[in-house]
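Analysis of the macromolecular model
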Amino acid sequence: MKPVAIIGAGITGLTAAFYLKRRGVPVTVYEAGERVGGVIQSVRRAGFLAENGPNTILETSPKIAQLVQDAGLASRRLDSDPKAGARYLVRYQRPMEMPGSPLGFLTTRLFTAGAKLAVLREPFVSRRTDGKEESVAGFVKRRLNQEFLDHAIDALVAGVYAGDPYQLSVPQAFPRLAELEARYGSLIKGQILGARERKRRGDVARDRAPKFSFDEGLQVLPDTLAISLGDAVNLNSPVTKLRQTSEGWRVTTANGEIGFGAVIYSGTAYRLAELKIECEAGNPLPAGGAHGVTRPAPQIDLSPFSDIRYPPVASVVLGFRREDVTHPCQGFGMLIPKVEGFRILGTIFSSSLFPNRAPAGHVTLTSYLGGERQPELTLRPAEELLALVREDLRVLLGATGNPVFQHTALYPRAIPQYNLGYGRYRDLMNAIENQAAGLFFAGHYREGVSLGDSIVSGCNIVERVEKFLTAK
Ligand SMILES: Cc1cc2nc3c(=O)[nH]c(=O)nc-3n(C[C@H](O)[C@H](O)[C@H](O)COP(=O)(O)OP(=O)(O)OC[C@H]3O[C@@H](n4cnc5c(N)ncnc54)[C@H](O)[C@@H]3O)c2cc1C
């Protein structure tokens, strides 16, 4: 089969390259940066392990565990401590455990009687039938109530997208919620009845999916995939132009132009907007035109992709002596709604999830700042970010002593926002793929923003590319 170019060595591109190579398809991976992994980056220092970007993979599809197995990483996989199941939401200026059962929900002090009544009423709220796209905030206010939005959903949305519930689109950002309403008329009924279907498909609900990482952090996965690809991975090699020919595709980097049978773009949406793509170069002019003259190759307009918002996120990892933090920090972590007035969006209790993230007698806490809520915060110098986080952790978790470990990282463009109207970008990608046969789009800007979504996207694109190459 003809070789395939893969643009971007994040988890999507590496997954696709890994499986194409296993199927005997020659691959070349081009990565603009000097390392593989994209937003994944694990740092081990002084006995602590800090994750700059993602902390855990949620195993929502069997394809995720299969990749770990196929990459030979089953023995290095580290499942989260089963005792670390508790999740906290901040209310009344302190973390309160989220209920894990219907009885727990009825008795929790996290929500008022009004919010509890809204949940009991939800199955009787009629479904929306006008087909209009709705924001997450609109959806939650309609089916539940304002308190639920302000004190729960706002924080959950910050935890997944670092986003704004008034801008995020339900069908684009949380398609399962839209499906539950459309199919069952209710989120609660859908939760119960949908479980059976998920089981049949082999999928797992996000709140029940196993969470895992690796002994030396998530970076282990892209590093291992890259090692298996060997010389096929080219670092410091931004792709600037793609040109379609009668033979396939010509890919341009600083080192010149090389021909491929197909191309997978698995970079970011904002860099896609900077790429030049020329289609059907050398097509003869239609009958009646001047013979022998070729029309200029039509250039695809990729500028709309620059409108996709990727707000900045800063991560701050702090290590404390265990006795310097009053809160037990047993669990996944805490999420903080905007109305509570803190600077942190949320904190992961990293060393409770994976004990080897801190030396004995210490805790590692990973906090995130910025997002759509306060993007300007991320412009502050690292020392100020550290001070802001320490102040919030002092109030919320009783973290008083000086941290013995500190590490910050900034993502100036972190996570794409599947906001109202995002469907037009997906339509545009479909239209380009139809027009430019052999060019494929995969990754976090198309098929879901989580690591699991990106892995599944990388697996699925392999099927499509192979089908295309075989048909040719
Ligand atoms: C701070 C943060 C925390 C997160 N936490 C979690 C979490 O805990 N769990 C979870 O499931 N998900 C999390 N996510 C989301 C998840 O990590 C990402 O969605 C996923 O890693 C995206 O992978 P990707 O390969 O699609 O893209 P990226 O990782 O963005 O990789 C794209 C790569 O393409 C390269 N590239 C772009 N353009 C070109 C070009 N023209 N030529 C060559 N190379 C190019 C880039 O340099 C980059 O390396 C988090 C994300 C962030 C930013």
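Residues numbered from 1 in each chain as written. Predicted model: local features only at pLDDT ≥ 70, side-chain atom pairs only at ≥ 80, totals over all residues. Heavy atoms only, no water.

Viewed as axis vectors pointing N to C, helix α5 (residues 136-143) and helix α6 (residues 146-161) meet at an angle of 140 degrees, and their least axial separation amounts to 9 Å. Taken together, the axis directions place α5 and α6 in an arrangement best described as oblique. Crossing handedness for the pair α5 and α6: right-handed. Together, V136, A137, V140 and K141 of α5 and Q146, F148, L149, I153 and V157 of α6 make up the contact between the two elements. Of the residues contributing to the contact of α5 with α6, the split by class is 7 nonpolar, 1 polar and 1 charged. (Axes fitted to C-alpha atoms, helices over the stretch in contact; angles between N-to-C directions. Helix = DSSP H or I, 4+ residues; strand = E, 2+ residues; numbered from the N terminus. Parallel < 35°, antiparallel > 145°, perpendicular 65-115°, else oblique. Left-handed = near helix turned anticlockwise from the far one by under 90°. Contact = heavy atoms within 4.5 Å. Nonpolar A, V, L, I, M, F, W, Y, C, P; charged D, E, K, R; others polar.)

Considered as a void within the structure, the second largest pocket measures approximately 200 Å³ in volume. Forming the boundary of the second largest pocket are 13 residues, of which R128, K132, E134, A178 and E181 lie nearest the centre. Among the secondary structure elements, those contributing two or more residues to the lining of the second largest pocket are α5, α7 (170-173) and α8 (175-184). Ranked by residues supplied to the lining of the second largest pocket, first place goes to α8 with 3 residues. Of the residues contributing to the lining of the second largest pocket, the split by class is 5 nonpolar, 1 polar and 7 charged. (1 Å grid on protein atoms, 1.4 Å probe; cavity = no way out; pocket = protein on both sides within 12 Å on 5 of 7 lines; lining within 4 Å. Points joined across faces, edges and corners; volume = space filled by probe spheres on them.)

This paragraph deals with a nonpolar patch on the surface. Nonpolar side chains collect at one region of the surface, where L106, L117 and L120 lie side by side and expose about 290 Å² of accessible area between them. For L117, the position within the fold is in helix α4 (residues 113-121). Take L117: its relative accessible area is 49%, and that puts it in the partly exposed class. (Patch = residues over 30% accessible without salt bridge, like charges linked within 9 Å, V, L, I, M, F, W, Y side chains within 5 Å. Areas by Shrake-Rupley, 256 points an atom, 1.4 Å probe, with all protein chains shown as cover. Salt bridge = Lys/Arg side-chain N within 4 Å of Asp/Glu carboxyl O. Buried < 20%, exposed > 50% of the residue type's maximum accessible area, 1.4 Å probe, protein only.)

In the vicinity of the ligand lie 32 residues, with T12, E31, H444, V449 and L451 positioned nearest. The separation between an oxygen atom of the ligand and a polar main-chain atom of I11 is 3.0 Å. One of the side-chain N or O atoms of E31 is found 2.7 Å from an oxygen atom in the ligand. When the ligand is considered free in solution it has 1000 Å² of accessible area, and contact with the protein chains removes 89% of it. Looking at the shell around the ligand, the elements that each hand over two or more residues are α1 (11-22) and α15 (451-471). Taken together, the residues that form the shell around the ligand break down as 14 nonpolar, 16 polar and 2 charged. (Near = heavy atom within 4 Å. Polar contact = N/O pair within 3.5 Å; in protein donor to acceptor, adjacent residues only side chain to side chain.)

So, on to the sheet that holds strand β19 (residues 362-370). What links the strands of a sheet is backbone hydrogen bonding, and the strands pair in either a parallel or an antiparallel sense. Overall, mixed pairing links the 7 strands, which are arranged β8-β7-β17-β18-β19-β16-β20 in an open sheet. Each of the sheet's edge strands pairs with one partner strand only, and the pair in question is β8 (94-97) and β20 (405-411). Adjacent strand axes in the sheet meet at a mean angle of 25 degrees when their direction is disregarded. Of the pairings in the sheet, the one linking strand β7 (residues 87-91) to β8 comprises 4 bridges and is antiparallel in character. Opposite L89, over in β8, you have M96 as the bridge partner. This element, α6, spans β7, β17 (333-335) and β18 (344-348) of the sheet and lies at about 130 degrees to β7. Sheet strands touched by helix α13 (residues 382-397): β7, β8, β16 (313-321), β17, β18, β19 and β20. Its angle to β16, the strand with the most contacts, is close to 60 degrees. (Pairing = 2+ DSSP bridges.)

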